[in-house]
Amino acid sequence: INPATEDTVAKVKRCSAESYETIIENAQTAFLTWREITAPERGNIVRQIGNRLREKKIALAQLITWEMGKPLQESYGEVQEMIDMADFAVGQSRMLYGKTMPSERQHHRLCEQWHPLGVVGVITAFNFPVAVWAWNAFLAAIAGNTVVWKPSSKTPLSAIAVQHICNQVLQENHCPAVFTMFVPESTTLIERFVDDRRVQLISFTGSTN
């Protein structure tokens with residue numbers, strides 16, 4: 001299986017500044033609904049995505065290998081990491097514990113409670129086109145956040161395939177746009193994404209000169 005040609009990748013529709021605004025606004029709107037869903041219910045959505053990834057494991061692995069040249073066995077391992085991460089996040093959705101502590105004040109109790117941040121951004125690298133996204137996205141989702149993904153411009157096809165799987169599960173369960181992605185038309189848009197105050201946290205994995 002040969003890596004994807006530059007012509008194939010070049011045909012991927014690139015996100016404009018106007019489309020970017022729509023994506024972020026939709027993620028913000030989705031967050032307001034998603035955060036109200038119970039954590040175990042959010043975990044159930046991630047469980048279904050994990051199961052769908054199991055069904056598509058061979059096809060996804062072949063696509064990764066075709067697109068970026070990783071040996072097929074390693075591509076199988078990368079898809080399996082997504083599946084394993086989904087399983088982990090499902091369990092974690094029922095273990096978002098908080099401490100309770102004695103207080104010096106009478107008739108008063110101290111307790112911890114986890115709250116979602118909002119829109120979380122994930123930027124992934126060429127060499128792990130989908131697994132690193134799953135490490136971030138599934139944990140962010142079960143905690144009540146929505147996720148906007150900026151994949152490597154060298155490997156957009158694998159990201160688009162995973163996004164379609166997420167879209168199917170979300171639509172089947174009448175869920176908001178918890179997971180979204182964009183392939184920017186310029187580096188300026190990436191900088192805008194990183195600096196966007198509506199994005200509460202950015203997780204970046206990769207390297208830079």
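Structure: see above.
Below or above, wherever it landed, is the structure these notes cover. Just so we're clear, the structure is a prediction, and the values are computed from it rather than from any experiment. (Residues numbered from 1 in each chain as written. Predicted model: local features only at pLDDT ≥ 70, side-chain atom pairs only at ≥ 80, totals over all residues. Heavy atoms only, no water.)

### A few points about the side chain of Asp-196
In step 1: Relative to the elements of secondary structure, Asp-196 occurs in the loop between helix 8 (187-195) and strand 6 (199-204).
In step 2: Judged by relative accessible area, Asp-196 falls into the buried class, the value being 9%.
In step 3: Excluding anything up to four places from it in sequence, Asp-196 contacts Tyr-20 and Ile-24. (Helix = DSSP H or I, 4+ residues; strand = E, 2+ residues; numbered from the N terminus. Buried < 20%, exposed > 50% of the residue type's maximum accessible area, 1.4 Å probe, protein only. Contact = heavy atoms within 4.5 Å.)

### Looking at unusual backbone geometry
In step 1: The phi dihedral of His-107 falls on the positive side, at around 55 degrees, and the residue is not glycine.
In step 2: For His-107, the position within the fold is in the loop between strand 1 (100-101) and strand 2 (110-111).
In step 3: We classify His-107 as exposed; its relative accessible area is 79%.
In step 4: Its identity as a non-glycine residue notwithstanding, His-174 has a phi of 55 degrees, on the positive side.
In step 5: Residue placement: His-174 occurs in the loop between helix 7 (156-172) and strand 5 (179-181).

### Comments concerning the nonpolar core
In step 1: The biggest cluster of nonpolar side chains holds 39 residues, and the ones touching the most others in it are Ile-49, Leu-53, Met-82, Trp-133, Phe-138, Val-162 and Phe-179.
In step 2: The set of elements that each furnish at least two residues to this core consists of helix 3 (39-55), helix 4 (57-68), helix 5 (72-92), helix 6 (131-142), strand 4 (146-150), helix 7 and strand 5.
In step 3: Ignoring anything within four residues of it in the chain, the contact list for Ile-49 reads Phe-138, Cys-166, Val-169 and Phe-179.
In step 4: Judged by nonpolar contacts, the second largest core, of 12 residues, contains Tyr-20, Ile-24, Phe-193 and Val-199. (Core = buried A, V, L, I, M, F, W, Y, C linked by side-chain atoms within 4.5 Å.)

### A look at helix 6
In step 1: With 12 residues, helix 6 extends 17 Å between its outermost C-alpha atoms, agreeing within 8% with the 16 Å of an ideal straight helix rising 1.5 Å per residue.
In step 2: When you tally the buried positions in helix 6, you get 9 out of 12 residues, the bulk of the element.
In step 3: Just downstream of helix 6, Gly-144 is the residue with a positive phi angle, here 100 degrees. (Expected span 1.5 Å × (residues − 1).)

### What to know about the environment of Ala-131
In step 1: Within the fold, Ala-131 resides in helix 6.
In step 2: For Ala-131, a relative accessible area of 0% corresponds to the buried category.
In step 3: Expressed as a C-alpha distance, the spacing of Ala-131 and Met-85, which sit 46 residues apart in the sequence, is 8.6 Å.

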